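Secondary and tertiary structure notes
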Amino acid sequence: MRSVEKHPNADKLSVCRVFDGETELQVVCGAPNVRAGGRYPLARVGATLPDGSLTIKKSKLRGVESFGMLCAADELGLSGDHSGLMELSETWAAGTPLAEVIGPPDTVFELEITPNRPDCLSLIGIARELAAVYRKPLQKPAITGVSEALSTDLSLVKIEDADACARYTARLLEYVTVGPSPDWMQRRLERAGIRAINNVVDITNYVMLETGQPLHAFDRDLLAEGRVVVRRAKKGERMQTLDESEHELDPTMLVIADAVRPVAVAGVMGGAGSEIRNETKNVLLESAWFDPALVRTTSRKLGLSTESSYRFERGADIEGVEWASRRAAQLLIEFAGAKLVGDVVDSRPEAAPLRKIEGPYQKIRDIMGIDVADETIREIFTHLGLGVLDAPSGHYALEIPSFRADLERDVDLVEEVARIHGLDKIPAPSPRAVVDPRAAENGTPRAKAKLRSVLAGLGLSEISNYSFVSDALLDLLDRGNQPKRVPIPRPLSADHSVLRISLAPQMTATLGRNRAHQATRAALYEIGRTFERGADGVVEIERLCIGLFGPVGRIGFDRHSAVESEEIFLWAKGLIEALLATMGLDAPTVTPHPVAYAEQGASVEFHIKGVSIGTLSLLNRSTRKEWRMTDPVAIAELDVAPLLTNALAVRVFHDIPAYPSITRDVAMIVSDSVTHEDIIRVMREAAPPELSAIELFDIFKGPAIGEGRRSVAYSLVYISARRTLTDDEANTYHNSVKGALRKQLSAEIREG
Amino acid sequence: MMPVFPAGRLNDSMNSGEIQELQTAAIAEIAASGDLSALDAARVKYLGRNGRVQDILLALREAPVDQKRELGRLANEFKNSVQAAVDERREALQSAASVAAFDVTLPGRWPHRGTRHPVTQIIDRAVEIFGQLGFTVADGPDIETPFHNFDALNTPANHPSRDPKDTFYLGDGTLLRTHTSPVQIRVMQSRQPPVRIIAPGRCYRPDTTDATHSANFHQVEGLYVDRKVSLADLKGDLTYFARQMMGPNVKIRFRPHFFPFTEPSVEYDFSCHVCGGKGCRVCKQSGWIEISGAGIVDPNVFKAVGYDSTQYTGYAFGMGVERIAMILLGIPDIRMLYDNDVRVLRQF
């Protein structure tokens, strides 16, 4: 860029004089970072952008001619960066083809590394895997010019907590020239998602990517007394990290300190006070091993997750610490003009003997379910870098290198073979179907499946709500159950703050939501667990909830006339009766029963053989109002377990009647206080066993009948299992029924 | 073969061909009669006292002896088939008259049509398929102990999955199970091998809800313990399942993975049932659909439940029910499974 001038007619544009190695061109540019002397990618007239969206033409921008386009990285398809022009290193001569600058086209593999394989958080680790797959030798970079000799002067490093920091190496380098790192290194770092900073920092990051060993470089002149102490942070100690955030430290954390103050959070991030500057000359290069659990807790506490902490948390290779340091020193010598001062300081415990694992090859084959030769398995072990020792025939014996801490037992080796040999080679044979005689234990799931299909057959749609709910919604239906609720101490939100104690609240909300979505009717059910605190902890009860609104029981097209409370209640009741009968249960007895969310007088409890199985209610007005539901809503809640008790029982045949029956009707006027069930009971008590069925066929209320009374009519069927009944016999039975109705219920029998 | 008639027959007598033509015409006229009176007129015209049938009978009377037999047969056939046509037509006309005309295109009247929730449908299907392989259903509580949910499953004390960020703790030493794997532990504690169970159920993780994550979700867990159970058995059984569930040509792919409770561990994928592996929108062009994790039960899990790992091996797998429902049924957002919108529920 020879010169940059403001565009005469546009605030945000610049008119640039650009030298492309041959001629000087005028280019109009809108990027904020353009400056004279910079080097940028230039697309000349005739060039097409990589995505094909634009071919550069000679153009005029606000009256000024432009002969090309200076590019941002995103326009070249190199990254998503559109913050400004892509800045190129000033070492490049003007006119260099961009292909040379950015290097050949490259492929970036994004790998998901499982937490047990920290060794694969590195190029060398991945290369080792590939070496095993292709049975080729692993080639690590050769290191020359850096001595492995140990320094005898240990005053440079002091470790106060050897459990937390089992190994610490330090190399000193002088005559360091800080500047940009080579383009190839910057490119590789950027492609791995690491921002290039300067040659020293870049080299530590680059070696981390190569080896999986995080490194840190200190400006030694910024370290008090030029030495480091590895210690716990002191209470109240503060430090500014490289990301310029200020942290308060505590004694659970490990820090690298100089003689006075902390200069890095061990394994997590360096401190701003000792970072590599442009003027840095003397570098202390750290390569160390920190306790994974400690790095994890520190990283969590500080909210700092870094490439370094990620690797230490999963476990760095304690035996690889020095090699990484040596590799970084080599690169510092090569690319930062550094010279080593003295030998490496290496504070470490005695190397632990390598773990040995032995076992039979056959077990590996058995677990894989595939035949792989001993020799192949041995080859795989060797190429993975495991030490193959002598072993008796049919057995292997291995020495596990330190970078494979995940290999502890013989079963851990199965995956090594399976992975390298190829999981795709494992066959998929036909299933070995072995009949389990305990299959009969599947009774409950089968009964539950039947319950669901019966509910579907009755026309209900199944819904599914979260097990979490808000206290507010529960309160809306029933405040009384508050003491029994099970709260979630750390809920995701207030809407999900407590486990549901009843399915009715969410059923109500579901009906209401559908109503709001203009549904005119809904017949829904949910089967789910409810949770309530009992004397011995929390009890989980599986429940069935049914919810109805709208003309769900009407067969005709009469959808518009309002649904009466009685109507929907009886639909729901009929539904439950049909459900119970299909599930093989006796007819329930139904008694009025208060329910917290029910309309006064519109809730009942169902009993079978004296055991309560649940309730049916019409939802009260105030609850309905929450969802602007003006029509009646029926909600039933039943326990699932009693519904299943007889579901799979075999039904035994009963004789069908061999003789004809005689039907007699009775119509009567009764007081409204007399219930249908009262009438049935009186009829049953008064009649002999020959009364086989009673059917209500008419109810009538009106002025002709009088206030507080109604007319009801029933058909009664009489039959004998032993002979044909005579009319006289039937009349006698029927008269005694009528007599009882008159006497016990003050019924006015309507004769004729 | 055409009947051969001798010469010298009476000119005004009908021959057999004419009788058959008359029969065809009579039946057509009867079938075309539009009401009962038209039908009766046609009947009289052909079968009446002065009807055309008399011409036939006349021909029969006057026929030479050697033709009487053939003409007699034709005369009988004429009477019977024309009468049958009259009866049939009368029945049809009467039946139409007996039913008042109504609009058969009116909507049908039967209000009942129920549906099962997609999650239930997938679970039921999985239970059915594994049932064919001899798996029985096992169940466990939603509220679990750390022992069943973590310890016995070889999950280290400092494992990230135990963090309150990843597990709902209830504050009384219990938690909401994060997977259906604790059911494995409960089953193995209560019986000796061989074991073949699947455990469908609800699980909970404090995931922020989005299109593919739900804090409340369902898994189906599978466990098979016996002598010499291998990765091949796992692949074979999962392949059987995948083909029954997704389609006949689906394949299974294993990828190496890591779970504390299995060793070795794999993640398994189904080849895409939509494109057959060529790449499409459903499989995001990869040809494969990631399903879940599986592996050979870690010996430490056997140790926790008192199984002898020198005698037995086993495989275990999990699968996300919502995920399979979404893939199979084409549901784009997991939240739709919990919205309970009847416009969605009605579709399944």
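Counting restarts for each chain, with residues numbered from 1 along the sequence as it is written. As they are written, the chains are lettered A onward and the ligands numbered 1 onward, keeping that order. Local features are withheld for residues below a pLDDT of 70 in this predicted model, meaning they are given only at 70 or higher, and side-chain atom pairs are given and counted only at 80 or more; totals for whole chains, interfaces and linings count all residues. Remark: hydrogens and water are excluded; side-chain values derive from all non-hydrogen atoms of the structure.

A word on the sheet that holds strand 25 (residues 498-499) of chain A. Residues and elements named next belong to chain A. Any two strands between which DSSP finds at least two bridges are classified as paired. Helical segments are the DSSP runs of H or I of at least four residues, strand segments are the runs of E of at least two, and each set is numbered from the N terminus. Read from one edge of the open sheet, three strands run 23-25-24, paired in antiparallel fashion. Because the sheet does not close on itself, it has two edges, and the strands there are strand 23 (468-469) and strand 24 (486-487). Two elements, strand 23 and strand 25, share two bridges in a ladder whose sense is antiparallel. Following the sheet pairing, Val 469 is matched in strand 25 by Val 498.

All names here are of chain B. Pairing is mixed in the open sheet, where seven strands are placed in the order 1-4-5-9-8-7-6. Looking at strand neighbours, the two that pair on one side only are strand 1 (136-137) and strand 6 (252-259), the edges of this open sheet. Here strand 8 (residues 288-297) pairs with strand 9 (residues 313-320) via three bridges, running antiparallel. Note that in strand 9 the partner of Ile 296 across the bridge is Tyr 315.

Attention shifts here to the packing of helix 5 (residues 118-132) of chain B against helix 10 (residues 321-329) of chain B. Residue and element names in this part refer to chain B. Axes here mean lines fitted to C-alpha atoms, for a helix over just the part in contact, with angles spanning 0 to 180 degrees between N-to-C directions. Interhelical geometry of helix 5 versus helix 10 gives an angle of 100° and a closest axis separation of 9 Å. As the angle between them shows, helix 5 and helix 10 are arranged roughly perpendicular. On helix 10, the residues that touch Pro 118, Val 119, Ile 122 and Ile 123 of helix 5 are Val 321, Glu 322, Ile 324, Ala 325, Leu 328 and Leu 329. Per-class residue counts for the contact of helix 5 with helix 10 are nine nonpolar, no polar and one charged. What sets the label is the angle itself: under 35 degrees gives roughly parallel, over 145 gives roughly antiparallel, 65 to 115 gives roughly perpendicular, and the rest give oblique. Residue contacts follow a heavy-atom distance rule, with two residues in contact if any of their heavy atoms lie within 4.5 Å. The classification used treats Ala, Val, Leu, Ile, Met, Phe, Trp, Tyr, Cys and Pro as nonpolar, Asp, Glu, Lys and Arg as charged, and all other residues, Gly among them, as polar.

This part is about the confidence of the model for chain B. Note on scores: pLDDT gives the predictor's confidence for each residue, bounded by 0 and 100. Scored by pLDDT, chain B comes out at a mean of 90, with 95% of its residues at no less than 70. Below a pLDDT of 50 lies the segment residues 1-11 of chain B, which in the model reaches six contacts outside its immediate sequence neighbourhood of four places, other chains included.

Each side of the interface is counted separately: chain B has 84 residues, and chain A has 76 residues. Note on terms: buried area is the combined drop in 1.4 Å-probe accessible area of two parts once they are placed together, counting the loss on both. Here chain B meets chain A over a buried area of about 6400 Å², counting both sides, of which 55% is carbon and sulfur. In terms of surface lost to chain A, no three residues of chain B exceed Arg 109, Glu 263 and Asn 340 of chain B, which account for 8% of the buried area on that side. With a closest N to O distance of 3.5 Å, Asp 366 of chain A and Lys 228 of chain B form a salt bridge. Polar contacts, as counted here, are pairs of nitrogen or oxygen atoms within 3.5 Å of one another; within protein the pair requires one atom able to donate a hydrogen and one able to accept it, and residues that are adjacent in sequence qualify only if both atoms are side-chain atoms. Counting across the chain B and chain A interface gives 35 residue pairs in polar contact (both at pLDDT 80 or more). The leading source of residues in the side of chain B that touches chain A is helix 8 (residues 231-245) of chain B, at eight residues. Split by residue class, the side of chain B that touches chain A holds 34 nonpolar, 24 polar and 26 charged. By definition, a salt bridge exists where a carboxyl oxygen of Asp or Glu is found within 4 Å of a side-chain nitrogen of Lys or Arg.

Let us look at helix 14 (residues 565-582) of chain A. Residues and elements named next belong to chain A. How far a helix is expected to stretch is found by multiplying one less than its residue total by 1.5 Å. Across its 18 residues, helix 14 extends 26 Å between first and last C-alpha, which sits within 8% of the 26 Å expected from 1.5 Å per residue. Note on classification: 1.4 Å probe, protein chains only; a residue is buried when its accessible area is under 20% of the maximum for its type, exposed when over 50%, partly exposed between these limits. Residues of helix 14 that are buried: Ile 568, Phe 569, Ala 572, Lys 573, Leu 575, Ile 576, Leu 579 and Leu 580. All buried residues of helix 14 lie within an arc of 155° about the axis, which places them on one face of the element. Phi turns positive, to about 80°, at Gly 584, one or two residues after helix 14. This arc describes the spread of directions from the helix axis toward the C-beta atoms.

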